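So you can see what is in the structure, the chains are spelled out below.
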Amino acid sequence: MKIVFATNNTHKLSEVRAVLGEGFELVTLREVGITEDIPETGATLDENASIKARYVYERTGLDCFADDTGLEVEALNGAPGVHSARYATDGHDFAANNRKLLRELNGITNRRARFRTVISLIRGGEELQVEGIVRGTIATEESGNEGFGYDPLFIPEGYDHTFADMSADQKNAISHRGRAVAELGKALKED
Ligand code: IMP
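Basis of the calculations
- Residues numbered from 1 in each chain as written.
- Predicted model: local features only at pLDDT ≥ 70, side-chain atom pairs only at ≥ 80, totals over all residues.
- Heavy atoms only, no water.
- Phe/Tyr/Trp six-rings, centres within 6.5 Å; stacked < 30°, edge-to-face > 60°.
- Helix = DSSP H or I, 4+ residues; strand = E, 2+ residues; numbered from the N terminus.
- Buried < 20%, exposed > 50% of the residue type's maximum accessible area, 1.4 Å probe, protein only.
- Pairing = 2+ DSSP bridges.
- Axes fitted to C-alpha atoms, helices over the stretch in contact; angles between N-to-C directions.
- Contact = heavy atoms within 4.5 Å.

Peer 1: Even after reading the chapter, I still don't get the packing of aromatic side chains, so can you show me in this structure?
Peer 2: Each aromatic ring pair is described using two quantities: the centre-to-centre distance and the angle formed by the ring planes. This structure, assessed with the given rule, holds five aromatic pairs. Judged by centre distance (6.2 Å) and plane angle (20 degrees), the rings of Phe115 and Phe163 are stacked. Highlighted residues: Phe115 in strand β4 (residues 112-123) and Phe163 in the loop between β6 (154-156) and α4 (168-174), separated in sequence by 48 residues. For Phe115, a relative accessible area of 5% corresponds to the buried category. Their ring planes at 40 degrees and their centres at 5.2 Å tell us that Phe154 and Phe163 sit as a pair that is tilted. Look at Phe154 and you get buried, because its relative accessible area is 0%.

The following block contains the structure:
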């Protein structure tokens, strides 16, 4: 089954492929000729996922899905949240984002946080949303070389090491995106 995943991020693509398994041919934005950045003007993850999926559907008419993820830190009132990609700078600078997060949490003992992924699926013109959440804490220093983004700082609940210390398979099994994609898989297979 052919379906457009509104991303060009190869990390995400391989994570989602691994969770969805055989039977789904995932096509990237580049492969359907969308090379421009899709504007993410929503105030919430839910709005942004929907904006991206509708953008792709309007231009291609193909079944598609888009995700939006944020790291929500309790002591920072849910920040960086919808601004996770551009927390420190305008340009997806993971290292700078991690440094800023450590600075903002300096001296704060409540390190509770969660990753939340929202996926908007448009199939036959009908839209539905699923989400996935993983709870955890923010470490006091970075650890690990796997993954991307805030992975070196995020310790999932029940573990004593960060996402960046885990293999892709271990992370996928418990991650926000892994859980959201599992829900997506259920929705796709129900039809
Ligand atoms: P996006 O909506 O998936 O592009 O995610 C927005 C931002 O959240 C990314 O630029 C990363 O900084 C962060 N992020 C998303 N997913 C992950 C993850 O699995 N691990 C660590 N950081 C992530």
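Next comes the rest of the write-up.
Peer 1: How should the sheet that holds β6 be read in this particular structure?
Peer 2: Sheet strands associate in pairs through backbone hydrogen bonding, adopting either a parallel or an antiparallel arrangement. Spatially, six strands are ordered β2-β1-β3-β4-β5-β6 in an open sheet, and the strand pairing comes out mixed. What marks the edges here is a single partner per strand, and that holds for β2 (25-27) and β6. Each neighbouring strand pair of the sheet contributes to a mean axis angle of 35 degrees, computed without reference to strand direction. For strand β5 (residues 126-138) and β6, the ladder comprises three bridges, and the chain directions are antiparallel. When the sheet's bridge partners are listed, Gly136 is paired in β6 with Pro156. In this fold helix α2 (residues 45-60) packs onto β1 (2-5), β3 (64-73), β4 and β5, with an angle of close to 160 degrees to the strand it touches most, β3. Helix α5 (residues 176-190) contacts β1, β3, β4 and β5 of the sheet and is inclined by roughly 155 degrees relative to β5.

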